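Here are the chains, one letter per residue:
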Amino acid sequence: MKIIIGSDHGGVDLKAALVAALGAVDAGCATKASCDYPDYAVKVALAVSKGEADFGILICRSGIGMSMCANRFANVRAAVCATVEAAVTTRQHNGANVLCMGADALSIGYAVEMAKAFIATPVDMDARHARRRAKLERAGRLSDASVLAQADAEVFAAVEAQTRQEDGAINLIASENYVSRACRAAAGSVLMNKYAEGYPGNRWYSGCGPVDQVERLAIERAKTLFGADHANVQPNGGSAANMAVYAAALKAGDTIMSMALDQGGHLSHGAKVNFSGKFLNVVPYGVSRETETIDYDALEAQALEVKPKLLVAGASAYPRIIDFKRIREICDKAGCLMMVDMAHIGGLVAGGAHPSPVPYADFVTATTHKTLCGPRGGIILCKAEYAKAVDMAVFPGLQGGPLENMIAAKAVCFREWLQGGRQGYARRVVDNCRALCKTVQDRGYRIVSGGTDNHLFLVDVKASRGICGKDAAAALDAAGIVANKNTIPYDTEGPFKASGVRIGTASVTTRGMGTGEMIKIGTWIADILDDIASEPTRARVRAEAAELCARFPVP
Ligand SMILES: *Cc1c(COP(=O)(O)O)cnc(C)c1O
């Protein structure tokens, strides 16, 4: 049991007595010379916040200023108490871990009795107290941003609205997720103030010690997490990461092969409107009409004929396992480089729920904000021989100063995976997806490729109910279920209307929902899509969905 005690000049004598009685660490102050109470409150609160101390005690003349300061720190619950009863109750109900005392009103004997009672009292695990403590923690969802409430009310209003939307809607957008509070804190930290063109140990600006430290952490953690030779953590997004690989490996006019956009590919894989389609010669490949999955024999034949310089695997709307080993064999036969864009499945790969492309591909790109549950951003993993070319392509090739605050948030995200904080998450995402998919399928909806192996599936709403994806998504949205319209392979509708809806389970799994909840949600989806004009169904689902959301709080 480690106890740390701090006081200002008003509490020096009481502090000395408590330190002796409790065998505690003395955090100062040392003399009765006038000093500032926050200096000592910060010391003690930080020790408790980090977990270096189990309990803190803070003393000033009233105890109040100390408590105000200490309560600004995460994991600290500081309570000003003047009676043994209050100290016991705040332990039991609020799980207080810092006791603040007013030296003016307490005798030394009574203060020691109060501190001993505080430390000896266990936190009450009764459901109603646990619920209230959880709400106390969750106040951080808004209080973290409350600096904006006065400084910029309009921006704060948007943050409030986003918070409410996340709390109240069932998010099935396959490319989205929720980050941890720790990740948000890193992204909003002072690390954003630093210019750091270059790489750790080799920057164009002075004063890069702290950001070097954080970028090295991100690089090492990414390499460990994915078993990669080299990692570049600077790309500002998935598209930026892809652009850098093209710049590292290709010249203008080179030929690449990639999955067609309307069959599940991504804009940055060579769409005409995208930079990639403007400077590369892009030959798309698709899925089989019959199975709606990649036909590897057909892909091999096409690659041998086209002889691309680079073959891109990976997609935004492909519900099946991709056989990276087979694609490596195809690339070797065709004599081309292999790139895998695992933007969507990065978290499944990290968590062992999808085979890793890293042993096979020359280059692997990923976004950190989809199944990986990290901040918006991109990374590149590559074989050692391409490390220099990739780093040169990102900087000075394409980007200027990296966003070190976002790199810090990426480092936090990677650690959450490495330290087991996401143990079983990837598997649960896939299990949830299967359960949700099967529920919708059992109600008579046609699922593209007949099912799913990963975190997403596509419902062919046109073939199933004669409606378009756009109308289906709008009807679901009105019932509190958020998903997006999506084209399906060989779609007879254009991308604006589309025949499909894409549904993903990464976000709902992060909220802690399981297969039981997926069956409920799948039933609601079918209820809504069976009759997209029914106002009563919409109202019922909206109410039931809101009730479900309340039970599964967003981190
Ligand atoms: C989402 C996605 C990207 C793009 O990521 P941004 O961060 O939005 O640039 C790239 N590739 C694929 C396959 C994606 O699904």
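These remarks concern the structure in this document.

What counts and what doesn't
Residues numbered from 1 in each chain as written. Predicted model: local features only at pLDDT ≥ 70, side-chain atom pairs only at ≥ 80, totals over all residues. Heavy atoms only, no water. Helix = DSSP H or I, 4+ residues; strand = E, 2+ residues; numbered from the N terminus. Buried < 20%, exposed > 50% of the residue type's maximum accessible area, 1.4 Å probe, protein only. Areas by Shrake-Rupley, 256 points an atom, 1.4 Å probe, with all protein chains shown as cover. Lys, Arg positive; Asp, Glu negative; His and termini not counted. Charge placed at Lys NZ, Arg CZ, Asp CG, Glu CD. Pairing = 2+ DSSP bridges. Contact = heavy atoms within 4.5 Å. Core = buried A, V, L, I, M, F, W, Y, C linked by side-chain atoms within 4.5 Å. Domains from an automatic or database assignment.

**Concerning the overall build of the protein**
Each helix and strand in the protein was counted, giving 24 helices and 20 strands. Burial analysis of the protein (555 residues in total) assigns 56% to the buried set. In the form shown here, the protein has an accessible surface area of approximately 23400 Å², with 54% of it arising from carbon and sulfur atoms. If you average the places of the 61 positive and of the 57 negative side-chain charges in the protein, the two averages end up 1 Å apart.

**Observations concerning the pairing of strand β3 (residues 55-60)**
Looking along a regular strand, one sees side chains alternate from face to face of the sheet. Of all 6 residues in β3, 6 are buried; the element is thus mostly enclosed. Here β3 shows two buried faces, one formed by F55, I57 and I59 and the other by G56, L58 and C60. Pairing between β3 and strand β5 (residues 98-102): 5 bridges, direction parallel. Bridged to G56 within β5 is V98.

**Let's talk about the side chain of T90**
Topologically, T90 is positioned in helix α4 (residues 84-94). Judged by relative accessible area, which is 8%, T90 ranks as buried. Sequence-distant contacts of T90, that is, excluding residues within four places in its chain, are made with A79, C81, G95, A96 and F118.

**Observations concerning the pairing of strand β20 (residues 500-504)**
Across the 5 residues that make up β20, a large majority, 5, are buried. Here strand β17 (residues 456-460) runs beside β20; their pairing, made up of 5 bridges, is antiparallel. Each bridged residue has a counterpart across the sheet, and for D460 the counterpart in β20 is G500. Two elements, strand β19 (residues 484-486) and β20, share 3 bridges in a ladder whose sense is antiparallel. Across the sheet, the residue bridging to N484 is R502, located in β20.

**Side note on the nonpolar core**
One broad trend across soluble globular proteins is that nonpolar side chains are buried collectively. Membership of the largest hydrophobic core comes to 64 residues, with the highest contact counts inside it found for F226, L311, I327, M342, L381 and W417. With 8 residues, the top contributor of residues to this core is helix α18 (residues 404-418). When we break this core down by domain, the ones giving at least three residues each are domain 2 (188-418) and domain 3 (425-551). A483, I525, V541 and A545 belong to the second-largest nonpolar core, a separate cluster that totals 35 residues.

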